[in-house]
Amino acid sequence: MRRLLLLTLMVFTPILIFSQKNNNPTYTITGKIIDAISKKPLEDATIIFKSIDSNHVKFGGITNQKGNFSIDVEKEIYSVSVEFISYETKYLNISEITRNLNLGIIEMELDTEILGEVEIVGEKKAVEFKPNKIVFNVEKDISSAGSTATDILNNIPSVSVDPDGEITLRGQGNVTVMINGKISSMTKSEALKSIPAGSIEKIEVLANPGAKYKASASSIINIILKKGKDEGLNGSITATGGYKDYSGGLITLNNKSKKINFFTNVSYFHRNPIKMAKYDNEYFQNGTTTAFLKENSEIDSKDNVFYSTIGAEFYLTPKTTLTTSVNYSNINNDSQTLTTSDFFDASKTKTSDNTRNYFRKLDDEIVELVVDFEHNFNKEGQKLTSSVTYTNDKENYNNTVVNTNSNFINEEFTENNKLENTIIDVQFANPIKNNSTITVGYNAEIGKIPFIHSDLLTSKEINYAEDTHAAFLDFEHESEKTYYGIGVRAEFVTLKVDYNYLTVKQNKHFDNLFPSAAFVYSISDTKRVRLFYSRRTQRPGFYQLQPFEQKFSETSSFKGNENLDPIELDNFSLSYVYNGNKIIFSPSFTFQKWNNVFEYATYDTGELVNGVNKIMTTPFNVGALDYYNLNLSTTYKVSKALNFTSNIEFSRIDQTGTLEIINNSNQTIQKDYNHADSNGSFSLLTQLKIPKLFDFQVNAKHYLISKGAYSTRKAYTYASAAINKDLFNKDASISLTVDDIFKSSKTDRDRFDTNYFSKSLIENRYRTILLSFTYRFNQSKKDRKIDFEKKEIKPNY
C-alpha cells in the first residue's frame with residue numbers, strides 16, 4: 001500500500017500541478033518537524049496532503065536539513081499527515097486550506113512496534129548533492145564491510161586517494177579531514193587507515209567552506225561516525241579475513257532511551273601490505289653522462305591497529321543536549337624496507353653495489369576527549385552550541401639502518417613526539433526579521449609538539465607550539481528563490497619553534513582577515529545556481545618545517561625548511577545543480593589564485609656517493625599559481641536495480657616563479673617554475689541490486705598524465721569491486737571486496753633536471769581481497785527516503 005502511495009504521489013503530483021489548468025487559488029503551507037525527545041530537526045520527513053473526498057494524494061513534500069518545509073497547495077479540504085522512518089505517523093488537525101498557513105513545530109514520536117518491519121518505501125541514495133556539499137551515505141557502499149575510511153573516500157565523486165595515501169578534492173591536495181565536524185588526530189594518514197568504514201554513517205564533502213571553518217581549510221571532508229538512532233539495545237558484529245594476511249573485526253553497540261543515548265564502536269585489524277619500488281637514475285655533468293644508478297626496494301609493512309570510540313548523548317531537557325565521547329587508537333607498525341643498489345659508471349660498467357635494510361617500528365597511541373553542548377532557545381532557530389576537544393597523541397619511532405657496503409654508515413636512531421592539543425569552539429545563532437540569521441563564534445586551538453631525535457652520539461630536541469584564536473561573523477538571508485550569505489573570519493596565530501640543540505628560537509605571528517560570500521538562486525524546485533567565494537591560507541606544518549635529513553636511500557633524502565611562509569589563496573566557484581527523479585547533474589567551475597606556493601624542489605647537493613650525485617628534496621616558497629578546474633558529477637538511476645555515479649574532471653595550472661638554491665658544495669642552482677600543465681580524471685561507480693539475490697558494485701577511475709616543471713606522473717587506471725548478500729531476513733550479510741582488481745594502482749613518475757634524470761615506479765605487490773560477515777541485532781530495517789519533485793525547499797549552509 002505504501003509503495004502504491006509513493007508511486008501515485010510521484011507520478012500524479014507534477015501532472016496535477018503543471019499540466020492541468022486550474023483556477024483554484026494556491027496557498028503556501030510551512031512548518032518544522034523535529035524529534036520529540038532530542039528536539040533536533042528531522043531531514044527528509046514526509047508531509048502528505050490527501051483529498052478528503054477521494055483519499056487520493058494531491059500534494060506533498062519533504063523537509064530540508066533544518067527540518068523546515070514549504071509546500072504550495074490549492075484551496076481544498078484535505079487530510080494531512082506527517083511520516084518519517086521509524087516514527088509514528090502523525091495526523092494534523094487541518095481541514096480546509098483557505099490561506100497561507102504556518103503550522104509551527106511538529107514533534108514526531110518513535111514507533112518501536114514497527115522497527116522490525118521489512119518493507120522499504122524508498123531508499124537513501126549512495127550519493128546526495130546538497131546545496132553546499134556532497135553527502136556520501138557509507139551504508140549504501142557495498143564495499144564498506146571490512147574496509148577503512150581511506151578505502152571509502154576513493155568511492156566519492158571528485159575525491160581521490162593516490163597510491164601514497166594523499167587525498168585530493170577536485171584535483172587539489174591539502175584537504176582538511178574532520179571527524180564529526182572537528183579537527184582530530186584521528187584524521188592523519190595513519191589514523192584514517194585505522195577507522196573502520198562500518199563505524200561511519202556518512203561523509204560530507206565541502207569544496208568551498210565558509211567563515212565558521214578555520215582559514216587553513218580550503219576544502220573539507222567531514223566523517224560522521226555512527227551514534228545509533230533506534231531505541232533500546234541494538235548493534236552489529238563484523239568479522240573480516242582476507243588476502244594478503246588480513247584479519248579483523250568490528251563491534252558497534254547502541255542503547256537509546258528517552259534520557260540518554262549510549263554508543264560505542266570497537267575494532268581491531270591486522271594487515272601486511274607489501275609495496276615494490278624501482279628507480280633508474282642517470283647523472284650528467286655539463287650535458288655528459290657521468291654515472292648510472294639502479295635501485296629496487298621491497299617495503300614490507302605489518303600493521304596491528306586497535307580503534308574505539310565510546311560516548312553518550314544526554315537529553316538534559318527537551319531543548320538541551322550534552323554529548324561526551326572518548327576516541328582511542330593504538331597503531332603498531334613494523335616495517336622493513338630492503339633496497340638493493342647497483343652503481344655504474346658512464347659506460348654502464350658496474351662499479352659497486354649495496355644492500356640496505358631499513359627497519360622501522362612505530363608505536364602511536366591517540367586519546368581524544370570530546371564534549372559537545374547544544375541548547376535551543378524558545379525563539380525559533382536561536383541556538384547556542386559549544387564544544388571542547390582535548391587530544392594526546394604519542395608517536396615513538398625506532399629506526400635501524402644496516403648497509404652491506406662499508407662506504408655507507410649504519411644508523412640507529414629514535415624519533416619521539418607528543419602532540420597535546422586543545423580546541424574550544426562556541427557559536428551562537430540568532431534569527432532576525434525577514435528570514436535572516438546572524439551567527440557569531442569564537443574558536444581557539446592551543447597545541448604543542450615536543451620532538452626529540454636521538455642517535456648513538458647526539459640528541460636533538462625541537463619544541464613546536466602553535467596557538468590560534470579566531471572569531472567569525474556570518475549573516476544569512478533566504479527567500480523563496482534566493483539565498484545569500486556574507487561572512488568574515490579573523491585569525492590570530494602565534495607559532496613558536498625552539499631548536500634547543502642550536503639555541504635558536506623562531507617566533508612568527510600571522511594575523512589576517514578571511515572574507516567569504518555565497519549566493520544561491522533556485523530557478524525551480526529542481527534547478528539551482530550557486531556562486532561561492534572565500535579567502536583561505538595554508539600554513540606550513542611540523543613535517544615541512546623540521547630541519548632533519550630523512551633518507552629515502554643513501555643517495556636520496558628529504559629535509560624540511562624552517563623558513564617557509566604561509567600560502568595565501570582566493571577561491572571562487574560557480575556551479576549548477578539539476579536534481580531530477582532519475583538524473584542528478586552538477587557541473588562546477590573553480591578558480592583559485594595562489595601566492596607563495598609551496599614547491600618541493602629536488603636538487604643536486606653537490607655530494608658524490610659511490611660516484612653518483614646525492615639529491616635532496618626540500619619545500620620552498622616559489623611564486624604564484626592560477627588553478628582552473630571543471631568538474632562534472634552525474635548520478636543516473638536507470639531503475640531500482642541499476643544506478644550509475646560518474647565524475648569527470650579537468651584541471652589546468654599556470655605557475656610563475658623562479659628559485660635559487662645554494663647547495664652543500666656552495667654551488668648556485670637555478671630552477672625555473674614558469675610552466676603550464678593540464679590533467680584530469682574520470683570515474684564511474686556502478687551499483688547493481690538484484691532483490692533477494694545480491695548487490696554488486698564496481699568503481700573504476702582513470703587518471704590522465706600530469707606534467708610539472710621538473711616531473712611527470714604517468715597516466716594510470718584503478719578499479720575495485722564488491723558483492724554483498726543479505727542473510728537471515730536481513731539481520732546478517734556477507735560481502736566480498738576486491739581492491740585494485742588489475743593491480744594497476746601505481747605511481748609511475750619521471751623526475752629531471754640539468755644534472756639528473758630519474759624514472760621511478762611504485763606499486764602494490766598484491767591486490768587485496770576481503771571476505772566479511774556482519775550480524776545485526778535489534779536494528780531498524782526501514783530506511784526510507786521519498787523523492788518528491790520538490791527536492792529541498794530551502795538551502796542550508
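Within each chain, residues carry numbers counting from 1 in the order of the written sequence. Where totals are concerned, whole chains, interfaces and linings use all residues; where local detail is concerned, this predicted model gives features only for residues with pLDDT of at least 70, and gives and counts side-chain atom pairs only at 80 or more. To obtain the side-chain values, all non-hydrogen atoms of the structure were included, while hydrogens and water were left out.

*Asks:* Got a minute to help me understand the sheet that holds strand β8 (residues 101-108) in this structure?
*Replies:* Consider a sheet: its strands pair through backbone hydrogen bonds, and that pairing is either parallel or antiparallel. Paired strands, as defined in this entry, are two strands with at least two bridges between them according to DSSP. Each helix is a run of H or I in the DSSP string that is no shorter than four residues. Each strand is a run of E no shorter than two, and both are numbered from the N terminus. If you walk across this open sheet you meet the 3 strands as β4-β1-β8, and the pairing is mixed. Either end of the sheet is taken by a strand with one partner, and the two such strands are β4 (68-74) and β8. Strand-to-strand twist across the sheet, computed as the mean angle between neighbouring axes with direction ignored, equals 25 degrees. As defined by bridge partners, strand β1 (residues 26-35) adjoins β8 across 6 bridges and the pair is classed as parallel. To obtain each axis, a line is fitted to C-alpha atoms, and for helices this fit is confined to the stretch in contact; angles are then taken between N-to-C directions over 0 to 180 degrees.

*Asks:* So what exactly am I meant to see when it comes to a nonpolar patch on the surface here?
*Replies:* What goes into a patch is any residue over 30% in relative accessible area without a salt bridge, connected to like charges within 9 Å or, for nonpolar side chains (Val, Leu, Ile, Met, Phe, Trp, Tyr), within 5 Å. The Shrake-Rupley method, run with a 1.4 Å probe, gives the accessible areas here. Residue values count only the displayed protein chains as cover. Each salt bridge in this description consists of a side-chain nitrogen of Lys or Arg and a carboxyl oxygen of Asp or Glu lying within 4 Å of one another. There is a patch of nonpolar side chains on the surface, built from Tyr484, Ile486, Phe519, Tyr521, Ile523, Leu531, Leu574, Phe589, Leu630, Ile648, Phe650 and Phe682 and spanning about 1000 Å² of accessible area. Contributions of two or more residues to the nonpolar patch are made by β28 (482-499), β29 (504-522) and β38 (642-656). Mapped onto the elements of the fold, Leu630 is located in strand β37 (residues 624-637). Burial status follows relative accessibility: with a 1.4 Å probe on protein chains alone, a residue under 20% of its type maximum counts as buried, one over 50% as exposed, and anything between as partly exposed. Relative accessible area serves as the criterion here: at 47%, Leu630 is assigned to the partly exposed category.

*Asks:* Could you clarify how one ought to interpret the pairing of strand β42 (residues 694-703) in this entry?
*Replies:* Looking along a regular strand, one sees the side chains alternate between the two faces of the sheet. The alternating pattern of β42 places Asp695, Gln697, Asn699, Lys701 and Tyr703 on a buried face, while none of Phe694, Phe696, Val698, Ala700 and His702, on the opposite face, is buried. Where strand β41 (residues 675-690) lies against β42, 10 bridges are found, and the strand directions are antiparallel. Bridge pairing in β42 links Gln687 to Gln697. Bridge count for β42 against strand β45 (residues 716-727) is 9 bridges, and the pairing is antiparallel. The residue of β45 that forms the bridge with Asn699 is Ser720.

*Asks:* What is the right way to look at the packing of aromatic side chains in this model?
*Replies:* Geometrically, a pair of aromatic rings is defined through the distance of the ring centres and the angle of the planes. Paired rings are identified among Phe, Tyr and Trp, the last through its six-membered ring, by centres lying within 6.5 Å, and are further divided according to the angle between planes into stacked (under 30 degrees), edge-to-face (over 60) and tilted (the rest). Applying the stated criterion across every chain, the model contains 17 aromatic pairs. Here the aromatic rings of Tyr243 and Tyr766 are separated by 5.7 Å at their centres, their planes lie at 80 degrees, and the arrangement is edge-to-face. Here Tyr766 lies in the loop between β48 (756-764) and β49 (768-777) and Tyr243 lies in strand β17 (residues 232-243), a separation of 523 residues in the sequence. Judged by relative accessible area, Tyr243 falls into the partly exposed class, the value being 41%. Classification of Tyr766 by relative accessible area gives partly exposed; the value is 23%. Ring geometry for Phe752 against Phe757: centres 6.5 Å apart, planes inclined by 15 degrees, an arrangement best described as stacked. Owing to a relative accessible area of 29%, Phe757 belongs among the partly exposed residues under this scheme. Joined through ring pairs, the aromatic side chains of Tyr533, Phe572, Phe591 and Tyr628 make up one cluster. In this structure, Lys671 is placed above the aromatic ring of Tyr710, and the distance from its NZ or CZ to the ring centre is 4.0 Å. Both a distance and an angle decide whether a charge sits over a ring: NZ of Lys or CZ of Arg must be within 6 Å of the ring centre and within 35 degrees of the ring normal.

*Asks:* Is there a simple way to think about the nonpolar core in this case?
*Replies:* Note on soluble globular proteins: their nonpolar side chains tend to be buried together. Remark: nonpolar core denotes a set of buried residues (Ala, Val, Leu, Ile, Met, Phe, Trp, Tyr, Cys) joined through side-chain atoms within 4.5 Å. Ranked by internal contacts, the top residues of the largest apolar core, which has 28 residues, are Ile167, Ile195, Ile203 and Ile221. At the level of secondary structure, the elements contributing two or more residues to this core comprise β10 (134-137), α2 (149-153), β11 (159-161), β12 (167-169), β13 (176-179), β15 (200-206) and β16 (220-225). Within the second largest apolar cluster, 24 residues are counted, among which are Ile33, Leu42, Phe49 and Leu110.

*Asks:* Whenever I open this one, the side chain of Ser681 confuses me. Can you help?
*Replies:* Counting through the fold element by element, Ser681 comes out in strand β41. Classification of Ser681 by relative accessible area gives buried; the value is 11%. What makes two residues a contact is simply this: any of their non-hydrogen atoms within 4.5 Å. Apart from residues lying up to four places away in sequence, Ser681 is in contact with Asn647, Ile648, Glu649, His702 and Tyr703.

*Asks:* Sorry if this is basic, but what is going on with the pattern of salt bridges here?
*Replies:* Any two side chains of opposite charge can pair, so long as their charged atoms come close to each other. The full count for this structure, using the stated rule, is 26 salt bridges. Notably, a salt bridge pairs Lys58 with Glu76, separated by 2.9 Å at the nearest N-O pair. In this pair, Lys58 sits in strand β3 (residues 57-62) while Glu76 sits in strand β5 (residues 76-83), placing the two residues 18 residues apart along the sequence. Each member of the pair, Lys58 together with Glu76, is buried.

*Asks:* Would you mind going over the sheet that holds strand β31 (residues 549-553) with me for this structure?
*Replies:* Taken in spatial order, the 4 strands of this open sheet run β31-β32-β36-β35, and their pairing is mixed. Where the open sheet ends on each side, the last strands, each with one partner, are β31 and β35 (598-609). Taken pair by pair, the neighbouring strands of this sheet meet at an average axis angle of 25 degrees, ignoring direction. Both β35 and strand β36 (residues 612-621) contribute to a ladder of 9 bridges, which runs antiparallel.

*Asks:* Would you mind going over the environment of Thr458 with me for this structure?
*Replies:* For Thr458, the location among the structural elements is in the loop between β26 (436-455) and β27 (459-478). A sequence separation of 45 residues divides Thr458 from Phe413, and the C-alpha atoms of the two residues are 9.5 Å apart.

*Asks:* So what exactly am I meant to see when it comes to the side chain of Gln655 here?
*Replies:* By the element assignment, Gln655 lies in strand β38. For Gln655, the side chain forms a polar contact with the side chain of Glu599, separated by 3.0 Å. Apart from the residues within four sequence positions on either side, Gln655 is in contact with Glu599, Val622, Ala624, Leu625, Tyr673, Asn674 and His675. In the analysis that follows, any N or O atom pair within 3.5 Å is treated as a polar contact, provided that within protein one partner can donate a hydrogen and the other can accept it, and provided that, for residues neighboring in sequence, both atoms belong to side chains.

*Asks:* Sorry if this is basic, but what is going on with the confidence of the model for the protein here?
*Replies:* Should pLDDT be low for a region, the predicted coordinates there are not to be read in detail. A score between 0 and 100, pLDDT records how confident the predictor is in each residue. Scored by pLDDT, the protein comes out at a mean of 85, with 91% of its residues at no less than 70. Here residues 114-122 is modelled with pLDDT under 50, and outside its nearest four sequence neighbours on either side it reaches 28 contacts, counting other chains as well. Scored below 50 in pLDDT, residues 781-797 shows 83 contacts in the model against residues more than four places distant or in partner chains.

*Asks:* Would you mind going over unusual backbone geometry with me for this structure?
*Replies:* Keep in mind that most residues, glycine aside, have a negative phi and that most peptide bonds are trans. The omega angle of the peptide bond from Tyr243 to Lys244 is 15 degrees, so this bond is cis rather than trans. Mapped onto the elements, Lys244 comes out in the loop between β17 and β18 (246-256). A positive phi angle, close to 55 degrees, is found at Arg170, a residue other than glycine.

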